[in-house]
Amino acid sequence: MQIIDGNAIAESIITELTAHVSGFTKQKPVVAFIRVGEDPASVSYVRKKQKTAERIGIESRLHLLPEDVSKEALFEQIDVLNADTNVNGILVQAPLPAHIDETETFNRVTPEKDVDGFNTLNIGKLCQEDPSGFVACTPAGIVELIGRSNIETEGRHVVVVGRSQIVGKPAALLMMRKGLPGNATVTVCHSRTKDLPSITRKADILIAAIGRANFVTGDMVKEGVAVIDVGINRLADSSKKNGYRLVGDVEFSSVAEKASHITPVPGGVGPMTVAMLMQNTVRAFQAARHE
Ligand code: GUN
């Protein structure tokens, strides 16, 4: 059984990107973050993304807006960044407060700067297998982990648990696309699926993106399955300094006993999401500069 080291794989991508960015002598890529409110997970994710950008030589800017910001004020901020030719990538950190529609917000970001890959045009390009679009960072990171871990996908059965716009749906599209890693037979399960364990047990590769702590247990998988755990759930734990511990959507101990490969939480998919964001930002910069 191999534990897939997402930190190490992300580090090698970051090293490649750092070398690449050092070759840009006139200008450096710039990514702008918009964070609304003080959601603790969002604070921590944006901080991590900014630190990684800094290491690579990507300039980052942070725009903080209050929890009760109006949709108009948020969109105005996005418009300013859309128009700013020095800004290559724009990321509006989710979740947004309930009074602001996330899809509408993601669509406000100009497609050329949509390094999150969340707007309609980029999702359409993913469906059409047009490589000029940006692919959402978490699903892109999953594919990169699978590819760099030499997990075969061609003709194999990938079961995706979760149908979110951000992870489940694009991950399914990537796994079924023509090419590698891809060419898989894909089943997507979700909260309304009947007898979910009978489907997950058929998976050669299982992608768990449900958002429920320890949801997938050892009895739900077959021997030799490769497991990608996308969940990042905070469980209260008074023995920890910050009062919580992170667990995935997969019960690691029981599933690891049967798996050929498994990603840990933390240290699996999470760091890959950040690395893919950096890769998208560098691509956006190059496209804007025609480099
Ligand atoms: N919230 C959780 N994951 C993500 C992500 O990949 N991008 C953005 N913008 N918000 C998120």
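Description of the structure in this document. (Residues numbered from 1 in each chain as written. Predicted model: local features only at pLDDT ≥ 70, side-chain atom pairs only at ≥ 80, totals over all residues. Heavy atoms only, no water.)

### Describing the packing of aromatic side chains
Quick reminder of the rule: Each aromatic pair joins two rings of Phe, Tyr and Trp (for Trp, the six-membered one) with centres within 6.5 Å, and gets the label stacked for planes under 30 degrees apart, edge-to-face for over 60, and tilted for any other angle. Only DSSP runs of H or I with at least four residues qualify as helices, and only runs of E with at least two residues qualify as strands; both kinds are numbered from the N terminus onward. A 1.4 Å probe rolled over the protein chains alone gives each residue an accessible area, and that area as a share of the maximum for its type sets the label: buried under 20%, exposed over 50%, partly exposed in between.
Tallied over the entire structure, the rule returns 2 aromatic pairs. Between Phe24 and Phe285 the ring centres are 4.8 Å apart and the planes differ by 45°, which places this aromatic pair in the tilted class. Separated by 261 residues along the polypeptide, Phe24 in the loop between α1 (6-22) and β2 (30-36) and Phe285 in helix α10 (residues 269-289) bring together distant segments of the chain. Comparing Phe24 with Phe285 shows no difference in burial state: the two are buried.

### What about the sheet that holds β2?
Formally: Two strands pair if DSSP finds at least two bridges between them. Under this scheme, a helix contributes an axis fitted over its contacting stretch, all axes are lines through C-alpha atoms, and angles between N-to-C directions fall in the 0 to 180 degree range. Here a residue-residue contact requires only that any non-hydrogen atoms of the pair lie within 4.5 Å.
Taken in spatial order, the 3 strands line up as β3-β2-β4 in an open sheet, and their pairing is parallel. Of all the strands in the sheet, the pair left with one neighbour each is β3 (59-65) and β4 (89-92). In this sheet, neighbouring strand axes are inclined to one another by 15° on average, regardless of whether the strands run parallel or antiparallel. Note that β2 and β4 share 4 bridges and pair parallel. Following the sheet pairing, Ile34 is matched in β4 by Val92. Here helix α3 (residues 71-83) sits on the sheet in contact with β2, β3 and β4, set at roughly 180° to β2.

### Observations regarding a nonpolar patch on the surface
Formally: Each patch is assembled from residues with relative accessible area greater than 30% and no salt bridge, linking like charges that lie within 9 Å and nonpolar side chains (Val, Leu, Ile, Met, Phe, Trp, Tyr) that lie within 5 Å. Each accessible area value is a Shrake-Rupley result obtained with a 1.4 Å probe; residue values ignore everything except the protein chains displayed when judging cover. Whenever a carboxyl oxygen of Asp or Glu lies within 4 Å of a side-chain nitrogen of Lys or Arg, that contact is scored as a salt bridge.
Taken together, Met1, Ile3 and Phe252 make up a surface patch of nonpolar side chains, about 290 Å² in accessible area. For Ile3, the location among the structural elements is in strand β1 (residues 2-3). When its relative accessible area of 44% is taken as the criterion, Ile3 is described as partly exposed.

### Details of the environment of Thr187
Rules: Distance and chemistry together define a polar contact, namely a pair of N or O atoms within 3.5 Å, with one atom able to donate a hydrogen and the other to accept it when in protein, and with adjacent residues in sequence counting only for side-chain atoms on both sides.
Topologically, Thr187 is positioned in strand β6 (residues 185-189). Each C-alpha atom, one on Thr187 and one on Ala19, is 39 Å from the other, the two residues being 168 residues apart in sequence. Setting aside residues up to four positions removed in sequence, Thr187 forms contacts with His157, Val158, Val159, Val160 and Ile199. Among the polar contacts listed, one links the side chain of Thr187 to the side chain of His157, at a separation of 2.7 Å.

### A word on the pattern of salt bridges
With the rule as written, the count across this model stands at 10 salt bridges. For Arg148, the salt bridge goes to Glu144, with nearest N and O atoms at 2.9 Å. With Arg148 and Glu144 both in helix α6 (residues 137-148) and 4 residues apart, this pair spans about one turn of that helix. Here Arg245 ties to Asp237 by a salt bridge, and the two come within 3.3 Å at their closest N and O atoms. For Arg245, a relative accessible area of 36% translates into the label partly exposed.

### A word on the nonpolar core
Going by this rule: Nonpolar cores are built from buried Ala, Val, Leu, Ile, Met, Phe, Trp, Tyr and Cys residues. Side-chain atoms within 4.5 Å join them into one set.
If you look at the biggest cluster of nonpolar residues, it comprises 48 residues, and the most contacted ones within it are Ile142, Ile207, Ile228, Val230 and Met278. Tallying contributions element by element places α10 first for this core, with 10 residues. Discounting residues that sit within four places of it in the chain, Ile207 has contacts with Ile142, Val158, Val159, Val160, Val161, Met175, Ile228 and Val230. Core analysis: the next-biggest nonpolar cluster, separate from the first, contains 17 residues, Val159, Ala203, Val225 and Ala259 among them.

### Details of the environment of Pro264
For Pro264, the location among the structural elements is in the loop between β11 (261-262) and α10. Pro264 sits 116 residues away from Arg148 along the chain, and the two C-alpha atoms are 16 Å apart. For Pro264, the residues in contact, after removing those within four places along its chain, are Ile3, Ile4 and Phe252.

### Side note on the environment of Ile228
Position of Ile228 relative to the elements: it lies in strand β8 (residues 226-229). Looking at Ile228, the relative accessible area reads 0%, which means it is buried. Linking Ile228 and Val87, residues 141 residues apart in sequence, is a C-alpha distance of 33 Å.

### Quick look at helix α5 (residues 120-127)
Quick note on the threshold: The arc refers to the directions leading from the helix axis to the C-beta atoms.
The complete set of buried residues in α5 reads Asn122, Lys125 and Leu126. Relative to the axis of α5, the buried residues are bounded by an arc of 105° and lie together on one face. Those residues of α5 that are buried are in contact with α7 (168-176). Positive phi appears at Glu129, one or two residues downstream of α5, with a value of about 60°.

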